[in-house]
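# Descriptive structure summary
What follows is the residue order along each chain.
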Amino acid sequence: LACALVAALLARVPLVAQGAPDTDVWLAPVARTGDTLRVGAPRNLTARPGYDNQPSFSHDGRTLWFTRRAPNARAPRADRDVQTDVWAYPLPAGTPRAVVETAESEYSARVTDDGRALVVVRVELDSAQHLWRLPLGGGAATRLVPAVKPVGYFAWVGPRAVLQVLGTPRTLQVVDTLTGRRDTIASSPGRSIQRVPGGATVSWVQQGATYTLHELDPATRAVTALVAMPARVDDHAWLDARTVLASDGTRLLAWTRGDASWRTVADWSGAPFRAVTRLAVSPDG
């Protein structure tokens, strides 16, 4: 269990040209001495054909949530092969189970600060994409920030939601759920919107001719450019408040505040996956 609680989550890229990508969630242990990282061999948690993706951890690191595409009797028959639900994997080596099965599709589950619910992007039956709150102890799901759609990805900081809102162009927006204030921060944000540990800021990758990691304070709307990303690299996750991980093909990279560039901390070129995409880090790093 100690090994699993210091872990980075890895997903396999598409292996089929059309339809749902064939992805798996992998777990790798991370050990740290000063600024030196040692990343162990990844283990496949969801070895099966089909879509298993978008991992995130519980606050205690003992549960992994992920998105799974699998037949669901609640979905209309025509949608059963494309509908997704949130599943839970008990760590270190449990049996995956569906957290909730609905007629809609849910993606990108993240636990609320109080640990009582998951916030997800739900694709509703009319294809609208909103944020929803799913209580973990049972009870009715509720739609959040209903004025904003279609939501692609998100992070939540106190009463404020930081959203990638799809459209032409897609935008990064901050919505204050107490005051109703809504501000557009940037255009062309990437899909990886991450809470920085130990504080109240969020990071995202600004895409364009070059990609740059930025940090946002949702309370003040202040933006700071942090570091240039490797070419077309977007997926990242924070190990702690100083060090962030990113994926570039089969390489896992790290950058620490004050460094001039990224460094390679793992290279899985011999592993049975083609590339690492979405990342999550357990709360204890």
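Everything here concerns the structure above.
This section reports on the structure supplied with the text. Numbering of residues starts from 1 in each chain and follows the order in which that chain's sequence is written. Where totals are concerned, whole chains, interfaces and linings use all residues; where local detail is concerned, this predicted model gives features only for residues with pLDDT of at least 70, and gives and counts side-chain atom pairs only at 80 or more. To get the side-chain values, all heavy atoms of the structure are used, and hydrogens and water are removed first.

## Brief notes about the sheet that holds strand S23 (residues 251–256)
The condition is simple: Any two strands with at least two DSSP-identified bridges between them are counted as paired. Numbering of helices and strands starts at the N terminus; helices are DSSP runs of H or I of at least 4 residues and strands are runs of E of at least 2. Geometry is summarised by axes, namely lines fitted to C-alpha atoms with helices restricted to the contacting stretch, and by angles between N-to-C directions that run from 0 to 180 degrees.
A sheet is described by the order of its strands in space; here four strands give the open sequence S21-S22-S23-S24, paired in antiparallel fashion. The sheet is open, and its two borders are formed by strand S21 (236–238) and strand S24 (263–267), each paired with just one other strand. Within the sheet, the average angular offset between the axes of one strand and its neighbour, ignoring direction, is 25°. Taken together, the four bridges between S23 and S24 define a ladder with antiparallel strand orientation. Following the sheet pairing, alanine 254 is matched in S24 by arginine 263.

## Looking at the layout of surface pockets
Where empty space is left can be seen by rolling a probe of water-molecule size over the atoms. Cut-off, in case you're wondering: The distinction between a cavity and a pocket rests on a 1 Å grid over the protein atoms alone: a 1.4 Å probe fits inside a cavity but cannot get out, while a pocket stays open yet meets protein on both sides within 12 Å along at least five of seven lines, and a residue with an atom within 4 Å of a point counts as lining. Grid points are joined across faces, edges and corners, and a volume is the space filled by probe spheres set on the points. Only Asp, Glu, Lys and Arg are considered charged, only Ala, Val, Leu, Ile, Met, Phe, Trp, Tyr, Cys and Pro nonpolar, and every remaining residue, Gly among them, polar.
Each pocket or cavity is described by its volume, and for the largest pocket that value is around 1000 Å³. Lining of the largest pocket is provided by 41 residues; of these, Ser56, Arg110, Val111, Gln194 and Arg195 occupy positions nearest its centre. Mapped onto the lining of the largest pocket, the elements with two or more residues apiece are strand S5 (52–57), strand S9 (105–111), strand S13 (151–157), strand S17 (194–195), S21 and strand S25 (280–281). Split by residue class, the lining of the largest pocket holds 20 nonpolar, twelve polar and nine charged.

## Focus: the nonpolar core
Using the following cut-off: Residues belong to a common nonpolar core when they are buried Ala, Val, Leu, Ile, Met, Phe, Trp, Tyr or Cys residues joined through side-chain atoms within 4.5 Å. Burial here depends on accessible area, computed with a 1.4 Å probe over protein chains only, as a share of the maximum for the residue type. Under 20% is buried, over 50% is exposed, and the range in between is partly exposed. Whether two residues touch is decided by their heavy atoms; if any such pair falls within 4.5 Å, the residues are in contact.
Leu37, Val39, Leu245, Leu252 and Trp268 are the most contacted members of the largest nonpolar core, which totals 17 residues. Sorting the residues of this core by element identifies strand S2 (25–33), strand S3 (36–39), S23 and S24 as the ones contributing at least two each. Counting residues per element, this core draws most heavily on S2, which supplies three residues. With residues up to four places along the chain from it excluded, the contact list for leucine 37 reads Val30, Ala31, Arg32, Leu239, Leu245, Ala254, Arg263 and Val265.

## So, the environment of proline 29
Take proline 29: it is sitting in strand S2. Accessibility expressed as a relative area gives 22% for proline 29, which makes it partly exposed. On a C-alpha basis, the gap between proline 29 and isoleucine 193 in space is 23 Å, while along the polypeptide they are 164 residues apart.

## Here we look at the pairing of S13
For S13, a buried count of six out of seven residues is recorded, marking the element as mostly surrounded by other parts of the structure. In the sheet, S13 pairs with strand S14 (residues 160–165) via six bridges, with the strands oriented antiparallel. If you follow tryptophan 156 over to S14, its bridge partner there is alanine 161. The turn joining S13 and S14, which pair antiparallel and follow one another in sequence, is formed by two residues; a positive phi near 60° is taken by glycine 158.

## Focus: the packing of aromatic side chains
Any two aromatic rings considered together are summarised by their centre-to-centre distance and by the angle between their planes. The line we're drawing: When two rings of Phe, Tyr or Trp (its six-membered ring) have centres within 6.5 Å they constitute a pair, described as stacked for plane angles under 30 degrees, edge-to-face for angles over 60, and tilted for the intermediate range. The criterion is that NZ of a Lys, or CZ of an Arg, lies within 6 Å of the ring centre and within 35 degrees of the ring normal, and then a charge sits over that ring.
Under the criterion given, the structure shown has three aromatic pairs. Here the aromatic rings of tryptophan 255 and tryptophan 262 are separated by 6.5 Å at their centres, their planes lie at 40°, and the arrangement is tilted. With respect to class, tryptophan 255 is no different from tryptophan 262; both count as buried. Clustering of aromatic rings is evident, with ring pairs tying together Trp26, Trp268 and Phe273. Seen from the ring of tryptophan 132, arginine 122 lies directly overhead, with NZ or CZ sitting 4.5 Å from the centre.

## Observations regarding the sheet that holds S5
Pairing is antiparallel across the open sheet formed by four strands, whose spatial order is S5-S6-S7-S8. Two strands close off the open sheet at either side, each with one partner strand: S5 and strand S8 (97–100). Each neighbouring strand pair of the sheet contributes to a mean axis angle of 35°, computed without reference to strand direction. Pairing of strand S7 (residues 84–90) with S8 involves three bridges; the strand directions are antiparallel. Along S8, the bridge assignment pairs tryptophan 87 with alanine 98.

## Some remarks on unusual backbone geometry
Across the junction of leucine 91 and proline 92, the peptide omega takes the value 15°, indicating a cis bond. Within the secondary structure, proline 92 is located in the loop between S7 and S8. You will see that glutamine 54, though not glycine, has its phi angle at about 55°, which is positive. Position of glutamine 54 relative to the elements: it lies in strand S5. Look at glutamine 54 and you get buried, because its relative accessible area is 7%. The backbone of serine 127 shows a phi angle near 80°, a positive value even though the residue is not glycine.

## Digging into the side chain of arginine 278
The criterion, for reference: When charges are counted, neither His nor the chain ends are considered; positive counts come from Lys and Arg and negative counts from Asp and Glu. Basic side-chain nitrogens of Lys or Arg form a salt bridge, by our definition, when they fall within 4 Å of a carboxyl oxygen of Asp or Glu. Polar contact criterion, stated in full: a pair of N or O atoms within 3.5 Å, where within protein one must be able to donate a hydrogen and the other to accept it, and residues adjacent in sequence count only if both atoms are side-chain atoms.
Looking at the secondary structure, you find arginine 278 in the loop between S24 and S25. In this structure, arginine 278 is buried with no salt-bridge partner, the nearest side chain bearing the opposite charge being aspartate 235 at 5.3 Å. Looking at arginine 278, its side chain comes within polar contact range of the side chain of tyrosine 153, at 2.8 Å.

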